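# Observations on the model geometry
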There are 2 protein chains.
Amino acid sequence: MRKLEAHRAKTLIRNTAVSLLNPRRQSSSSSSSSYYYTSRLARFFTSLPSDASMASDNSTPPITVESLNPKVLKCEYAVRGEIVSLAQKLQQDLQANPGSHPFEEILYCNIGNPQSLGQQPITFFREVLALCDHPTILDKSETQGLFSADSIERAWQILDQIPGRATGAYSHSQGIKGLRDTIAAGIEARDGFPADPNDIFLTDGASPAVHMMMQLLIRSENDGIFCPIPQYPLYSASIALHGGTLVPYYLDEATGWGLEISELKKQLETARQKGITVRALVVINPGNPTGQVLAEENQRDIVEFCKKEGLVLLADEVYQENIYVPEKQFHSFKKVSRSMGYGDKDIPLVSFQSVSKGYYGECGKRGGYMEVTGFSPEVREQIYKVASVNLCSNISGQILASLVMSPPNVGDESYESYFAEKDGILQSLARRAKKLEDGLNNLEGVTCNKAEGAMYLFPRIRLPNKAIKEAESLKKAPDAYYATRLLNATGIVVVPGSGFGQVPGTWHFRCTILPQEEKIPAIVSRWTEFHQKFMDEFRD
Amino acid sequence: MRKLEAHRAKTLIRNTAVSLLNPRRQSSSSSSSSYYYTSRLARFFTSLPSDASMASDNSTPPITVESLNPKVLKCEYAVRGEIVSLAQKLQQDLQANPGSHPFEEILYCNIGNPQSLGQQPITFFREVLALCDHPTILDKSETQGLFSADSIERAWQILDQIPGRATGAYSHSQGIKGLRDTIAAGIEARDGFPADPNDIFLTDGASPAVHMMMQLLIRSENDGIFCPIPQYPLYSASIALHGGTLVPYYLDEATGWGLEISELKKQLETARQKGITVRALVVINPGNPTGQVLAEENQRDIVEFCKKEGLVLLADEVYQENIYVPEKQFHSFKKVSRSMGYGDKDIPLVSFQSVSKGYYGECGKRGGYMEVTGFSPEVREQIYKVASVNLCSNISGQILASLVMSPPNVGDESYESYFAEKDGILQSLARRAKKLEDGLNNLEGVTCNKAEGAMYLFPRIRLPNKAIKEAESLKKAPDAYYATRLLNATGIVVVPGSGFGQVPGTWHFRCTILPQEEKIPAIVSRWTEFHQKFMDEFRD
């Protein structure tokens, strides 16, 4: 009976609503005044309880978190997670009330973002970008006084590679052909093996390229992608967003984050027994968050393993310029596979590169590329199609990607200053890595492998049981608890190891080596002081 | 018996392969010579037929088109499809052998890419971008002679909004806060209603923003997104990539591509009967490919419909500056819904904007934003999380998005030249639209609605049965056949209507209004000549 009444009321309200809300049914006039009348009524209807609202019985339920794509809900990205939100809050506090915390500034060691911590851009690169953004100044006399001769020449060269010199036009969906030629030449010079500009896909940083490959390869949760643990959380996030399964292989901390083929074999076997089709192997070299640089011998074994098991090799090589120890060198997986005799068609291999890392650190420019080899023309066509849906990557990022693969040469006007800037940054990063590594290794219960490359240290911390219990009582991962305490006490932002994955029962954090060099001693001493107190508080 | 022999052969080869390919099993030496030996053998094995290959029995099958993500295979994007590949081929022909075709150049009318057809960028915007790219010239004396005073001032303002003035750093994942403040102020000035910088998400053009919303809303093929037919194929592509269902609503060509609420109701009912949960309604205003501008009255009906049916309103408003007829004005859906009395929490609404369109046409810069209102804080957090996985959009695009929402003001040094450039472009676009529209309407069997806005005409063509049969015999859609013939005869590239969707049995094509104005008469006459011959060939 109550149901019937409710139904009648609803029908009445609905009919009224329809006639009032659709003035065309009321009168032939479409004056705006009838709409203002309507709008007041609309307000009335929207304030009715939902049971009596004007919505039809089967209207779509409202958008709630629970009704979102579960793949999105599953996705996590620790590098910009909870700890960073807390850091932003503290920063606002400090701005509003200087002195409100026991530190003067927030030190963002959570993310490889060099210029945010004061690293200056490479002058030559910025000169060329500015000239390409505003080419009408290229032939003005004042420009000679402001820009180097070779940056002007390079800008002309680049403009001539762009159809109609239109730096504001969408480009070919793989990127401007002339820039891809330059990049291919740079790869050839680096590797000593041919590179084809048609294999290059320019992208807005490396992240969209990684997403594109995941989108292509993952059909369902039965498809697996092999990832190192610890891994850069872009991979776990992208695999989650595309509905696949992350198949882990553990790097061996005891051997400097070594990548053991026996571990790959074991994990592959386990995954296959679970019915997972493992489609690709992600290798990050130099490592993120681990900072290790693979030996060429190890890389050969990996190539062989991928070949044998039919895996696409996804080589994250964005830290290729970031090597800090004389005994290690970067070798691209393409060079390694070619030197083993594998040709263009023998092994599906994707190499990711970015302008965000290296000595350039141009994160905000969102430039990057992937070099895609070893796929059939039909598969390549599908990759091109996906790239074309987003039209193209940003042209400044494209230009910058060509510049980092073809910087000034000996004899160019900019060469000396360019080299001084580059060398200064890399030498300083090496010193910072060492100082932080030493500082961390001096902390009670902390062991830190060498940062051979990349921009990170990933120390292990043996937390006292009491600290672990305290974290658990606060429903926090123990490493997240440590990181939060560290932030609150010192302003230093690091990412808990749980965001990257770690051997169960071990705890780590990732810390960049990017703070300005003169700040490192103070950072180490603040950290040491905090750590001693923390351990005193919780020591078992 | 043959099977057994094959198995024995495989086992033998595998064992040999494993021992040869893993030199550590051969000897304790890891000299590179053993690797070169291996590499020659590797070449041998890869040339074996697959049956006898070294792959283990359960190795992952090779990557073929059939084994890719079926959502990727399903996705289509006609704007850069087959016809454009043909155009690129013809262009290469013309470069290699001038005179090899009955035209001198390819006219890309397939894509809204103004600067590729000669439109010049707005000087003020490019000045600011160049200065932000290379800020060290800001206080040099020569800079005063090269750049306007207000571009220098604006660059300083923008740099001061960027933490550490670091234009090369990753920004907040929604974009630099100060730039979002500027954009919010621009939206307020446009609409007369408040805008919150925290509602702005800066993106690399509008496309990634559209993908982000699809990713959030689509759970399975049972989730539907309402799209106009004809539609901009980004929507069909994105829905396919995310595995949802496109629920069509047909625009009424007879009433100038009118959007009828009765059609929405009918199609919604049909979709719901099929078990589809329709989650969102896409409206493109001004229309792409149709060029119509919605009347405010119509927009109110749409808002009411979304409110009543619980749909997210996805408002593609990237052509908001492209209006060519005095009787029409752009009204944002946010303004319309606020003027109806709906507040911030009453209706989930996303407005997409891009630097690629308007009078600026900066497609290559990949700047844009979405303004997201009416979602719960929990849902907003999920949107932020997805944005954060890609770190941030490119900073030049972010700066440009702030500039198009806050161009020079009356009294600024650049104002007059800025206004002359802007007005010149928009006036010329209006004239070009009219001339092309008239030209198309003069063709036998072609009717073309007015381009009230956007950058396109979407004429209907009544093809003779003989032409349709000819197309069918070539396994081509009749409109694709016409477009191919047109391209081969004239060099004009248009996109067949089948790429956008159309009422079954009708045929259309999309043609941009972007060729340079002085070329339009020649285009019309070439097209007319071709069309007459085509009709003569096929007339029933």
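Everything below is about the structure printed above this text.
In short, a report on the structure. (Residues numbered from 1 in each chain as written. Chains lettered and ligands numbered in written order. Predicted model: local features only at pLDDT ≥ 70, side-chain atom pairs only at ≥ 80, totals over all residues. Heavy atoms only, no water.)

## Notes on the overall build of chain A
From N to C terminus, chain A includes 20 helices and 14 strands. Among the 540 residues that make up chain A, the fraction classed as buried is 60%. For chain A, long-range pairs separated by at least 24 residues make up 72% of all intrachain contacts whose partners lie at least 6 apart in sequence. Summed over its atoms, the accessible surface of chain A is roughly 20,400 Å², and 52% of this surface lies on carbon and sulfur atoms. (Helix = DSSP H or I, 4+ residues; strand = E, 2+ residues; numbered from the N terminus. Buried < 20%, exposed > 50% of the residue type's maximum accessible area, 1.4 Å probe, protein only. Contact = heavy atoms within 4.5 Å. Areas by Shrake-Rupley, 256 points an atom, 1.4 Å probe, with all protein chains shown as cover.)

## Some details on the sheet that holds strand S7 (residues 349-354) of chain B
Residues and elements named next belong to chain B. The mixed open sheet is built from seven strands, whose spatial order is S2-S8-S7-S6-S5-S3-S4. Here the strands that pair on one side only, and so sit at the sheet edges, are strand S2 (200-203) and strand S4 (245-250). Neighbour-to-neighbour, the strand axes of the sheet open up by a mean angle of 20°, direction not taken into account. Judged from the six bridges that link them, strand S3 (residues 223-229) and S4 form a sheet pairing that is parallel. Looking at S4, one finds that Ile 229 is bridged to Tyr 250. Its contacts with the sheet put helix H15 (residues 377-389) on S2 and strand S8 (368-373), and the angle it makes with S2 is roughly 20°. (Pairing = 2+ DSSP bridges. Axes fitted to C-alpha atoms, helices over the stretch in contact; angles between N-to-C directions.)

## Some points on unusual backbone geometry
With an omega of 0°, the peptide bond running from Ile229(B) to Pro230(B) counts as cis. The topology assignment puts Pro230(B) in the loop between S3 and helix H11 (233-241). Positive phi, close to 60°, is recorded for Ala454(A), a residue that is not glycine. Structurally, the position occupied by Ala454(A) is in the loop between strand S9 (446-447) and strand S10 (456-457). Exposure remark for Ala454(A): the relative accessible area of 0% places this residue in the buried category. Phi at Arg366(B) is positive, roughly 50°, even though this residue is not glycine. Structurally, Arg366(B) is set in the loop between S7 and S8.

## Things to note about the relation of the copies chain A and chain B
The two chain copies are related to each other by a rotation about an axis together with a translation along it. At an RMSD of 0.0 Å, chain A and chain B line up after a rotation of 180° and a shift of 0.0 Å along the axis. Those values place the two copies in the arrangement expected of a two-fold rotation axis. For chain A, the smallest separation between a C-alpha atom and the rotation axis is recorded for Ala130(A), amounting to 2.1 Å. Of the interface residues in chain A, 99% have counterparts in chain B that sit at the interface too, so the contact is made through matching surfaces. (Least-squares fit on C-alpha atoms with pLDDT ≥ 70 in both.)

## As for the pairing of S2(B)
Residues and elements named next belong to chain B. Covered by surrounding structure in S2 are Ile 200 and Leu 202 together with Phe 201 and Thr 203, the residues of both alternating faces. Note: S2 against S8, four bridges, orientation antiparallel. If you follow Thr 203 over to S8, its bridge partner there is Gly 368.

## Remarks on the sheet that holds strand S13 (residues 495-496) of chain B
Residue and element names in this part refer to chain B. With antiparallel pairing, three strands are arranged side by side in an open sheet as S10-S14-S13. The sheet is open, and its two edges are formed by strand S10 (456-457) and S13, each paired on a single side. Sheet topology places S10 next to strand S14 (residues 509-512); two bridges connect them, and they run antiparallel. Counterpart to Tyr 456 in the pairing with S14 is Thr 512.

## Points about the interface of chain A and chain B
At the interface, 116 residues of chain A touch 120 residues of chain B. A combined buried area of about 10,000 Å² lies between chain A and chain B, and 55% of that area is made up of carbon and sulfur atoms. Summed over the shared surface of chain A and chain B, the number is two salt bridges. Looking at side-chain class alone, the side of chain A that touches chain B contains 47 nonpolar, 40 polar and 29 charged residues. (Buried area = accessible area lost by both parts, 1.4 Å probe. Salt bridge = Lys/Arg side-chain N within 4 Å of Asp/Glu carboxyl O. Nonpolar A, V, L, I, M, F, W, Y, C, P; charged D, E, K, R; others polar.)

## Things to note about the packing of aromatic side chains
Residue and element names in this part refer to chain B. What the rule picks out here adds up to 44 aromatic pairs over all chains. A ring pair is formed by Phe 125 and Tyr 360, whose centres lie 6.4 Å apart and whose planes are at 55°; its orientation type is tilted. Taken together, the positions of Phe 125 in helix H6 (residues 123-133) and Tyr 360 in the loop between S7 and S8 put the pair 235 residues apart, joining distant regions of the chain. Looking at Tyr 360, the relative accessible area reads 0%, which means it is buried. Ring plane angle 75° and centroid distance 6.5 Å describe the contact between Tyr 232 and Tyr 235, whose orientation is recorded as edge-to-face. On the basis of relative accessible area, Tyr 232 is assigned to the buried category, the value being 12%. (Phe/Tyr/Trp six-rings, centres within 6.5 Å; stacked < 30°, edge-to-face > 60°.)

## Re the packing of helix H9 (residues 177-191) of chain B against helix H16 (residues 395-404) of chain B
Residues and elements named next belong to chain B. Interhelical geometry of H9 versus H16 gives an angle of 25° and a closest axis separation of 8 Å. Classed by the angle they form, the pair H9 and H16 counts as roughly parallel. Relative to H16, H9 is oriented so that their crossing is left-handed. Facing Leu 179, Thr 182 and Ile 183 of H9, the residues of H16 in contact are Gln 398, Ile 399, Ala 401 and Ser 402. Along the lines of polarity and charge, the residues of the contact of H9 with H16 split into four nonpolar, three polar and no charged. (Parallel < 35°, antiparallel > 145°, perpendicular 65-115°, else oblique. Left-handed = near helix turned anticlockwise from the far one by under 90°.)

## As for the nonpolar core
Of all hydrophobic cores here, the largest spans 272 residues; its most connected members are Trp527(A) and Trp527(B). Those residues in contact with Trp527(A), other than ones at most four positions away along the chain, are Leu440(A), Leu443(A), Tyr482(A), Leu486(A), Ile492(A), Val494(A), Phe509(A) and Cys511(A). (Core = buried A, V, L, I, M, F, W, Y, C linked by side-chain atoms within 4.5 Å.)

## Here's the deal with helix H13 (residues 296-309) of chain B
Residues and elements named next belong to chain B. With 14 residues, H13 extends 20 Å from end C-alpha to end C-alpha; this agrees with the ideal 20 Å at 1.5 Å per step. The buried fraction of H13 amounts to eleven of the 14 residues, a majority that puts the element mostly inside the structure. If you check which residues of H13 are buried, you get Asn 298, Gln 299, Arg 300, Asp 301, Ile 302, Val 303, Glu 304, Phe 305, Cys 306, Lys 308 and Glu 309. The positive-phi residue at the C-terminal boundary of H13 is Gly 310, with phi of around 75°. (Expected span 1.5 Å × (residues − 1).)

## Topic: helix H20 (residues 520-538) of chain B
All names here are of chain B. Its 19 residues place the ends of H20 27 Å apart at the C-alpha level, agreeing with the 27 Å of an ideal helix rising 1.5 Å per residue. For H20, every residue scored as buried is listed here: Ile 520, Ile 523, Trp 527, Phe 530, His 531, Phe 534, Met 535 and Phe 538. The buried residues of H20 all sit within an arc of 135° when viewed along its axis, so they share a single face. Facing away from the buried side of H20 by over 90 degrees, the exposed positions are Pro 521, Lys 533 and Asp 536. (Arc of directions from axis to C-beta.)

## Brief notes about the environment of Arg526(A)
All names here are of chain A. Along the polypeptide, Arg 526 turns up in helix H20 (residues 520-538). A sequence separation of 37 residues divides Arg 526 from Ala 489, and the C-alpha atoms of the two residues are 8.7 Å apart. With residues near it in sequence (within four places) discarded, Arg 526 still touches Phe 103, Glu 105, Leu 107, Thr 490 and Gly 491. Within polar-contact distance, the side chain of Arg 526 engages the backbone oxygen of Thr 490 at 2.3 Å. (Polar contact = N/O pair within 3.5 Å; in protein donor to acceptor, adjacent residues only side chain to side chain.)

## Quick word on the packing of helix H5 (residues 82-96) of chain A against helix H19 (residues 478-490) of chain A
All names here are of chain A. Two elements in contact, H5 and H19, have axes separated by 11 Å at closest approach and are oriented at 15°. Classified by the angle their axes make, H5 and H19 are roughly parallel. The hand of the H5/H19 crossing is right-handed. Facing H5, whose interface residues are Ile 83, Leu 86, Ala 87 and Leu 90, H19 presents Ala 483, Thr 484, Leu 487 and Asn 488. Along the lines of polarity and charge, the residues of the contact of H5 with H19 split into six nonpolar, two polar and no charged.

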